[in-house]
Amino acid sequence: MSILVVDNLSKQYSKNVHALKQLSFSLEQGESLGIVGESGSGKSTLAKILIGLETYQDGGITFQGSPIAPKKRAPLRAYRKNVQMIFQDAASALNPKLPIWKSLLEQLKNYKEFTPSFIDVEGLSDKDIARELLGLVGLDSSLADRYPGELSGGQKQRVSIARAISLEPSLLICDEPTASLDVTVQVQILTLLKKLQQQLNITILFISHDMRAVTFLCERIIVLKEGSMVDQFELGKLYEHERNPYTKALLNAASLD
């Protein structure tokens with residue numbers, strides 16, 4: 001069974017602005033699926049709809065076999081636990097007035113009945129649990145007492161990843177998580193995501209304008225243009241002749257062809 005099914009999803013902001021046009025795809029457990037397209041292609045709108053920050057007008061979404069209504073999903077506690085998101089701007093996702101260890105535990109505090117299976121929490125203080133999470137994403141435990149303003153962009157993004165995976169979500173949505181980082185740090189973050197996906201069997205929906213990042217992380221790729229899917233293929237078929245001209249243009253722009 002697919003973990004996520006999007007069926008003829010449409011989103012219209014005004015009479016002449018169609019963000020998404022009858023988009024359909026499915027996502028299997030443990031898979032990494034890339035959504036790639038230029039600015040205005042509808043990819044970030046899709047992310048916001050899936051996380052419950054945007055509504056939609058037509059079509060349907062099914063998550064783990066249950067339909068998700070076309071309205072904001074704040075009341076759906078289980079859904080919000082199982083679908084976590086990593087944003088482009090890690091700085092805005094962290095409270096500048098809280099030390100890192102407290103920011104790390106915000107999600108777990110909202111679900112006090114849950115403890116991550118990959119940490120033996122018995123006898124650990126809250127700060128100790130935060131240090132364990134920092135280690136999981138390759139950060140030194142000494143950063144626990146620091147504040148976001150004292151961390152680099154890559155370190156802040158690792159903290160955001162640690163916080164998102166603390167709830168062991170079934171689906172991790174990554175919306176341009178490397179766009180604001182330099183090239184070396186981008187590779188480090190992508191490598192971390194790939195490692196965590198294998199280690200924790202997380203399903204990843206990776207959204208980006210960067211074909212390089214998508215091909216590094218994802219097994220399957222969907223190409224969006226002006227709200228419509230124009231191509232869908234397995235990574236191994238990236239260079240096949242039937243690729244859409246827009247896909248080929250994105251490859252050329254990324255110097256992958």
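Residues numbered from 1 in each chain as written. Predicted model: local features only at pLDDT ≥ 70, side-chain atom pairs only at ≥ 80, totals over all residues. Heavy atoms only, no water.

## Comments concerning the domain arrangement of the protein chain
Examined at the domain level, the protein chain breaks down into domain 1 (1-40 + 48-71 + 219-249) and domain 2 (89-200). Between the C-alpha centres of domain 1 and domain 2 there is a distance of 27 Å. Across the boundary between the two partners, domain 1 contributes 11 residues, which contact four residues of domain 2. Carbon and sulfur atoms make up 63% of the surface buried where domain 1 meets domain 2, a total of about 510 Å² over both sides. Our enumeration of links across domain 1 and domain 2 arrives at zero salt bridges. (Domains from an automatic or database assignment. Contact = heavy atoms within 4.5 Å. Buried area = accessible area lost by both parts, 1.4 Å probe. Salt bridge = Lys/Arg side-chain N within 4 Å of Asp/Glu carboxyl O.)

## Description of the environment of leucine 192
With respect to the element layout, leucine 192 can be found in helix 8 (residues 183-200). Residue class for leucine 192 comes out buried when judged on its relative accessible area of 7%. Residue contacts for leucine 192: discarding those within four places in its chain leaves Leu136, Val137, Arg158 and Ile161. (Helix = DSSP H or I, 4+ residues; strand = E, 2+ residues; numbered from the N terminus. Buried < 20%, exposed > 50% of the residue type's maximum accessible area, 1.4 Å probe, protein only.)

## Considerations on the pairing of strand 1 (residues 4-14)
Looking along a regular strand, one sees side chains alternate from face to face of the sheet. Looking at chain direction, strand 1 and strand 2 (residues 17-27) are connected through seven bridges and run antiparallel. Within strand 2, the residue paired with glutamine 12 across the bridge is histidine 18. In sequence, strand 1 turns back onto strand 2 through a hairpin of two residues. (Pairing = 2+ DSSP bridges.)

## Remarks on the pairing of strand 10 (residues 228-234)
In this structure, strand 9 (residues 220-225) lies alongside strand 10, joined through six bridges in antiparallel fashion. Bridging from a neighbouring strand, leucine 224 pairs with methionine 229 of strand 10. Hairpin connection, strand 9 to strand 10: the antiparallel pair is bridged by two residues, and glutamate 226 has positive phi, about 50°.

## Digging into the sheet that holds strand 3 (residues 32-36)
Across the sheet, six strands lie side by side as 6-7-8-3-9-10; this open sheet has mixed pairing. Whereas interior strands pair on both sides, the edge strands pair on one side only; in this sheet they are strand 6 (83-86) and strand 10. Each adjacent strand pair in this sheet contributes to an overall mean axis angle of 20°, direction not counted. Examined bridge by bridge, strand 6 and strand 7 (residues 171-175) share four bridges and lie parallel to one another. Paired with methionine 85 across the bridge in strand 7 is isoleucine 173. Taken strand by strand, helix 8 contacts strand 3, strand 6, strand 7 and strand 8 (203-208), and its axis lies near 160° from that of strand 8. (Axes fitted to C-alpha atoms, helices over the stretch in contact; angles between N-to-C directions.)

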